[in-house]
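Structure assessment
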Amino acid sequence: MSAVWLSLQVGLLAAVLGLMPAMALGYLLARKRFLGHGLLSALVLVPMVLPPVVTGLLLLEVVGRNTALGGALADIGLPLSFSFGGAVLAALIVGLPLYVWSARAAFTAIDPRLEQLAATLGAPPKQQFWRVTLPLALPGLAAGAVLAFARGLGEFGATAVLAGNIQGETRTISLAVYQLLEDPSGQGVGLLVAASVILSMGALLAFEGLNRWQQRRLEQP
Amino acid sequence: MLLLAAIACTLSCTRALSEEPVRVYAAASLGPALTPLLEAWSQDSGHPTALSTASTPRIVSQLQSGAPADLVLTADTTWMQLLVDNGWAQSPVHLLSNTLVLVVPADSPVQALAELQGPIALAGEQVPAGRYAEQALRAEGLWASLSPRARRGDNVRTVLAWVSRGQVSAAVVYGTDAHNNSKVRVLHRFAPESHSPIEIWAASTPDAQDFGLLRALSEPTAQTHLTTAGFSPAASAP
């Protein structure tokens, strides 16, 4: 049961912490043309296709406790390897592509003429974004958050490498199920499987709903 | 950087409330016996514990990557020696001993080693249980006939799960894995001299906070629990 609660915490934190980066990157990729646009897009999306174990290993090379950055973070009480923080970071990075993808699609779908209209009414660019663009993209961002949450919920490879398999701290549903496969009695695995199916289905239904809301929002401005 | 700062804030808010647990990194074979023992110790001492299990070499590589362990338990001497040599663990204690057996699924009709057909599961080449298995099979002249059919599993518990579910015809596991396990039947017990002694070592790490857990594990109460689980007491102090 603690594994389910832990997975929920990890997934929710990944969805909350990913909001700002996903919003910024999604907007940047949807609206701006700049040198390295394609490279940035590929870089953001690569965790989606990279073997998660490799993603975990790369993260360990960057924020592991033996690295300068990871060591410094551990010193200030924020260890990002073999810790709860590591599980959140793994879920965040692996979920970010879906998050950004969804945010980017939402921003792309908004008619730029609406912003131009706001400009003719005297709104400065900042206000155009916060008052016009962002509210229109909100359902898409929320849909991205739900996807990132769902992806984070199921994260296995990167979590196992970066965060290990620590009971109550990094042993999320995926790791707990894998652990229980090694237990011939298999007790408790049914509950975890049921929780996974319910949470994942719930997240995808929410995603569907949010997507429909996004479409309706763009049809009736 | 901004992202890391955000994570920092959130984590310190959500996690700082609970006391830091004593982190125990243990060989997979010890998991089942250790779990209730740690729970009992937590209740008595009031200190929470967090158990992390994997194959012994994976635990070693996790410690190498800086995993914050307080206590580490390995299923053999070689890997513990490596930990000590590198300064990742100190003052190791020979906690327990184990035996090596060949098991078949409980409903298997096989009655003798010579009748064995089909795949046989062994733990990985670097994993203690896999090394012991290879030594023992070689010593008893079975390696040549069995090794072409060997399937290597991640760790000894993986291998046990395979044989318990009838996915392989046989597996070489620890005596403790077969102990009180109705899903497998011991077909053959390997002679102790057919492999290096199976010694379970426990050690603390250089900056450990174990609140006497290591000592508690060597005390009679814990030792009795562990021998009930099928381990044998450490033969003699090293």
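Residues numbered from 1 in each chain as written. Chains lettered and ligands numbered in written order. Predicted model: local features only at pLDDT ≥ 70, side-chain atom pairs only at ≥ 80, totals over all residues. Heavy atoms only, no water.

Let's talk about the overall build of chain A
A tally of helices and strands in chain A yields eleven helices and zero strands. N-terminal to C-terminal, the α/β element order of chain A is α-α-α-α-α-α-α-α-α-α-α. With the C-alpha coordinates aligned to their principal axes, the bounding extent of chain A is approximately 65 × 40 × 30 Å. Looking at chain A as a whole, 50% of its 221 residues are labelled buried. Put simply, of all contacts in chain A between residues at least 6 apart along the chain, 71% involve residues at least 24 apart. Total accessible area on chain A stands at roughly 10500 Å², and carbon and sulfur atoms take up 70% of it. Both charge centroids of chain A, one from 13 positive and one from 10 negative side chains, sit 15 Å from each other. (Helix = DSSP H or I, 4+ residues; strand = E, 2+ residues; numbered from the N terminus. Buried < 20%, exposed > 50% of the residue type's maximum accessible area, 1.4 Å probe, protein only. Contact = heavy atoms within 4.5 Å. Areas by Shrake-Rupley, 256 points an atom, 1.4 Å probe, with all protein chains shown as cover. Lys, Arg positive; Asp, Glu negative; His and termini not counted. Charge placed at Lys NZ, Arg CZ, Asp CG, Glu CD.)

Remarks on the domain arrangement of chain B
When the parts of a complex come together, some accessible area is lost, and that lost area is often taken as the interface size. All names here are of chain B. Domain annotation of chain B identifies domain 1 (20-98 + 198-233) and domain 2 (100-194). When each unit is reduced to the centre of its C-alpha atoms, the spacing between domain 1 and domain 2 is 25 Å. The interface of domain 1 with domain 2 comprises 18 residues on the first partner and 15 residues on the second. Counting each side, the surface lost to burial between domain 1 and domain 2 is near 1300 Å², with a carbon and sulfur contribution of 60%. Looking at the side of domain 1 facing domain 2, the largest losses of area belong to Ser29, Asn98 and Ile198, adding up to 32% of the total buried there. Across the salt bridge formed by Asp154 and Arg58, the nearest N and O atoms sit 3.3 Å from each other. Counting across the domain 1 and domain 2 interface gives five residue pairs in polar contact (both at pLDDT 80 or more). Of all elements in the fold, only helix H3 (56-64) and helix H4 (77-85) reach the threshold of two or more residues within the side of domain 1 that touches domain 2. A per-element tally of the side of domain 1 that touches domain 2 places H3 first, with three residues. (Domains from an automatic or database assignment. Buried area = accessible area lost by both parts, 1.4 Å probe. Salt bridge = Lys/Arg side-chain N within 4 Å of Asp/Glu carboxyl O. Polar contact = N/O pair within 3.5 Å; in protein donor to acceptor, adjacent residues only side chain to side chain.)

Thoughts on the sheet that holds strand S11 (residues 232-233) of chain B
Residue and element names in this part refer to chain B. Here six strands make up an open sheet; going across it, the order is S2-S1-S3-S10-S4-S11 and the pairing mixed. Sheet topology places strand S2 (49-54) and S11 at the edges, where each strand pairs with a single neighbour. In this sheet, strand S3 (residues 71-74) lies alongside strand S1 (residues 22-27) in parallel orientation, the contact comprising three bridges. Residue Tyr25 lies in a different strand from S3, and its bridge partner there is Val72. Across the sheet, helix H2 (residues 31-45) touches S1, S2 and S3, and the angle it forms with S2 is around 170°. (Pairing = 2+ DSSP bridges. Axes fitted to C-alpha atoms, helices over the stretch in contact; angles between N-to-C directions.)

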